[in-house]
Amino acid sequence: MDTTQKEQWKEKRVRPTAWLARTAAAAALLLAGVQAAHAGYDVGVGKADITAVELGSLSAGFVFDPPYDGLQSRQFVRAFDIEDGASRREVMVVVAEMGLASGNLKRVALQQLQVRYPGRFTDDNFVLTMTHTHGVPNVGNASNPRLFKAQVDGVVKAVEAAMADKAPGSIEVNRGQLRGVGANRSAQAFVLNKPEDQAVFPERIDTGMTQLRFVRNGAAVGALMFYGLHPTNMIDEAFSFISTDNYGHAARRLEDDVDQGRPAGSRRFVAAFAQTGTGDVTPNINFKNCNDVDPPFWVSWKTHVLARHDWGCNRGSSTLGPFESMRDTGDKLFAAAKSLLVAGGVPGKPIGVGGPPNQRLNYQYKAVDFAKIAVSGKYTGGHGDQATCDPAWGSAFAAGSSEDMGSILAQEGADNRASLAQIVSILINLPLVPAIVKPLLDASYQPITSDVRECQGRKDVLAALVPGPTSLQVVKLGSLTLAFTPFELTTMTQYRIRRHLAATLNAGVDDVIAVGYSSGTVPSLQVDSTGGYVVTPEEYDSKQYESGYTAWGKWTQPALAQALDAMAATLVASDAKPSVTPVVPAPQDPLVVAARTPEDKLPAAVPWDGVPLFSGMGVVLKAPQVVQHEVNGKLKADDKRRFLEATFVSSHPMNRLGSIDSFLFIEKQAADGSWKEIERDGRWGTTVQWKAIALCINCRSATVSWQIPADAAGTYRIVHKGNYKPSWILPDVVEYRSATAPFELKA
């Protein structure tokens, strides 16, 4: 074969290959075009564990409570990714089982996501909102990098899971009513609103629940519920247990219910509850009973709170205490969500079908400084044009809410100018004192001026805040509009916001949802903390707890409605395009550094874990025994519940967080002698509580408790697992797993 023949033969060999390559490329372009133009949404759901038992830390919501020493339920972050198949616009909604909104958490999570998905998520299309459980530690900071890293990692992992799960699907909306789980704890303020507005809520709370159902191939893969209820059932003897409370219980139960029977390794259903008009709604529906209790003076040693608890007062829905009240409330939330999910087999109302891109999926982000801004008479309810004040919190904030049963610092609805709270206010504003107090308490405030006092009206000013921007987000999802704010919105506040936006959008009020506890920047008395409450102008004059916590004065709510309404109007403009706020890399930021540092390189949770003399890590200190738990400090004769408890030598639960999926297991022996897990931590009826062992440095015990089911029978054992740090010199930890001797239970 000569050279010419060889070249011709070579060309013949290459041509089929090239033709196949060109054909494949054309097919890929065609498929890409089809995908880019498909009429539905791409949806993805994800979930990640952020449980961190930070022993000794305090609640993200309560003030007068003991430090955490136990775990009742695990914390999760759940993510819902929505991308419009036609415009390729995308929104990521993340719901975290945490207490208070945090600008730092969102900011650093976006820094991490920028590395993973460059340019994809910004302040504009990334929403991070909290369930507002009071039963968890606050957001970590530079002084607690291990906790902060766990929280950031959880957010990022949930987003990654949702992105990996994403596929073409649809979103349906269902609506229903849930009554009997909440009560208005600030009725004195609610009744000051206009009668025609009060008539919308005959029970003085919003009982409406909205559910977004994420569907693929005819099956629900996730559900996001919007409802207004404080997750504050876990009080009194439950104070010291980390808990995601009623919302966490309901979400976990709905997930377990849908996943029941699915094979291991299959896609898991994801459910989350987000907050709406929660500010004045308590699940402790019997709180008035406690306010009627008046213990003798000699037992009122720490406000009236602990005294009333010890005097046999029960605030929750169950007479068996906070754990049962939480389960009762959570079960009702679950039942309502499940009824919407199945809806009798009838699909929900699909959203986003047809219409221009700015109607199918659009979003706006804006940072608004609410200090001294003009408020149009359109939003003031007939009171003409008004203006807001420089931000400040009042002494009523220090009184606590009605369900908290009072405080020695101030009183709700009273003249607090001579209260202990005002004395504290004077002290923290003395010369040189702010330089000490601010770094010590991570506080942010400025001197109180006469202009601030005059503008704030009836509020007895406790602290003047530093003005600054407040993050707001509005998301248009087909027929539904979501307004995300960093505030605790009262029932009437969220209604008036929805009403204004509905008029602008030419929609029904039910098609607008005002969401609270969403993370972003906001002025606060504590750095990177809550923006407080927003009450209506009428409620403001009541001087209740919530009004003392409303920063910009009497016209805060109309100003907020005005800002959100302007954003909504922008969304429906014919040429509306999503806003873009680039994420500026900040690799030297201490919090970014903490988030990117491997856990074993961060400061250890404890120098070393001690072990009692003549003992060992994981050794059983107390064999399993059946006990009865006290309720409000007493054993109740009508309490038929029984608990199985065992105590182990234990380690610090913050050692190597990501490697422990459960600190406890309840196992049952099968007929072949093998052991089968039937319960673990985070499930209803199990708790684990750590206590220091006396006369032993850094020594701890862990008491595992399991509420025995009525039908429990057979051979069982209790297992405890953890990570042990044996040396203060070496950073390594050692995982251990210890089991009790088998024991018998009879039904």
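Here is a short report on the structure shown in this document. (Residues numbered from 1 in each chain as written. Predicted model: local features only at pLDDT ≥ 70, side-chain atom pairs only at ≥ 80, totals over all residues. Heavy atoms only, no water.)

## Examining the overall build of the protein
In terms of regular secondary structure, the protein is built from 19 helices and 32 strands. A burial count over the protein gives 57% of its 747 residues as buried. Of the contacts made within the protein by residues no fewer than 6 positions apart, 76% connect residues no fewer than 24 positions apart. Of the roughly 30500 Å² of accessible surface on the protein, 57% is carried by carbon and sulfur atoms. (Helix = DSSP H or I, 4+ residues; strand = E, 2+ residues; numbered from the N terminus. Buried < 20%, exposed > 50% of the residue type's maximum accessible area, 1.4 Å probe, protein only. Contact = heavy atoms within 4.5 Å. Areas by Shrake-Rupley, 256 points an atom, 1.4 Å probe, with all protein chains shown as cover.)

## A short note on the environment of A86
You can see A86 is positioned in the loop between β3 (76–84) and β4 (90–96). The class of A86 is partly exposed, set by a relative accessible area of 42%. With 275 residues separating them in the primary sequence, A86 and L361 have C-alpha atoms 9.7 Å apart.

## A look at the state of the cysteines
Per the stated rule, a full pass over the model turns up 2 disulfides. Paired by a disulfide, C389 and C455 hold their sulfur atoms 2.1 Å apart. Every disulfide takes its handedness from the sign of the S-S torsion; for C389 and C455 that torsion is -90°, giving left-handed. Of this pair, C389 sits in the loop between β16 (386–387) and β17 (392–394) while C455 sits in helix α14 (residues 450–455), and the two are 66 residues apart along the sequence. Given the relative accessible area of 36%, C455 is considered partly exposed. (Disulfide = S-S within 2.5 Å.)

## Topic: the pairing of strand β14 (residues 361–368)
Summarising burial for β14: 6 of the 8 residues are buried, a large majority. In this structure, β14 lies alongside strand β19 (residues 470–477), joined through 8 bridges in antiparallel fashion. Paired with L361 across the strands is L477, a residue of β19. (Pairing = 2+ DSSP bridges.)

## Things to note about the sheet that holds strand β25 (residues 643–650)
Ordered in space as β10-β2-β28-β29-β25-β24, the 6 strands form an open sheet in which the pairing is mixed. The open sheet is flanked by β10 (241–242) and β24 (620–627), the only strands paired with a single partner. In the sheet, β25 pairs with strand β29 (residues 700–707) via 8 bridges, with the strands oriented antiparallel. Looking at the pairing, A646 lines up with V704 of β29.

## Considering a nonpolar patch on the surface
A grouping of I408, L420, I423, I426, L427 and L430 is seen on the molecular surface, where their side chains present a nonpolar patch of about 550 Å² in accessible area. On the accessibility criterion, L427 (46% relative accessible area) is partly exposed. (Patch = residues over 30% accessible without salt bridge, like charges linked within 9 Å, V, L, I, M, F, W, Y side chains within 5 Å. Salt bridge = Lys/Arg side-chain N within 4 Å of Asp/Glu carboxyl O.)

## What about the pairing of β4?
β4 sits mainly inside the fold: 7 of its 7 residues count as buried. Across the two faces of β4 the burial is the same, with E90, M92, V94 and A96 and V91, V93 and V95 all buried. As judged from the 7 bridges shared by β3 and β4, these two strands associate in the antiparallel manner. For R78, the partnering residue across the bridge sits in β4 and is V95. As judged from the 5 bridges shared by β4 and strand β5 (residues 126–130), these two strands associate in the parallel manner. Opposite V93, over in β5, you have V127 as the bridge partner. A crossover connection joins β4 to the parallel β5 through helix α2 (residues 103–116); in handedness this β-α-β unit is right-handed. (Right-handed = clockwise from strand over helix to strand, strands pointing away.)

## Some thoughts on the pattern of salt bridges
In this structure the tally under the stated criterion is 50 salt bridges. Of the charged contacts in the structure, one is a salt bridge between R78 and E255, with a shortest N-O distance of 2.7 Å. With R78 in strand β3 and E255 in helix α6 (residues 245–259), the pair connects residues that are 177 residues apart, well separated along the chain. Residue E255 is classed as buried on the basis of its relative accessible area, which comes to 1%. The salt bridge involving K149 is made with D153; its shortest N-O contact spans 3.3 Å. Taken together, the positions of K149 and D153, both in helix α3 (residues 145–165) and 4 residues apart, correspond to about one turn of that helix. Using a relative accessible area of 22% as the deciding quantity, one classes D153 as partly exposed. The structure contains a network of salt bridges with shared partners spanning D42, D81, E83, R88, E90, R120 and K166.

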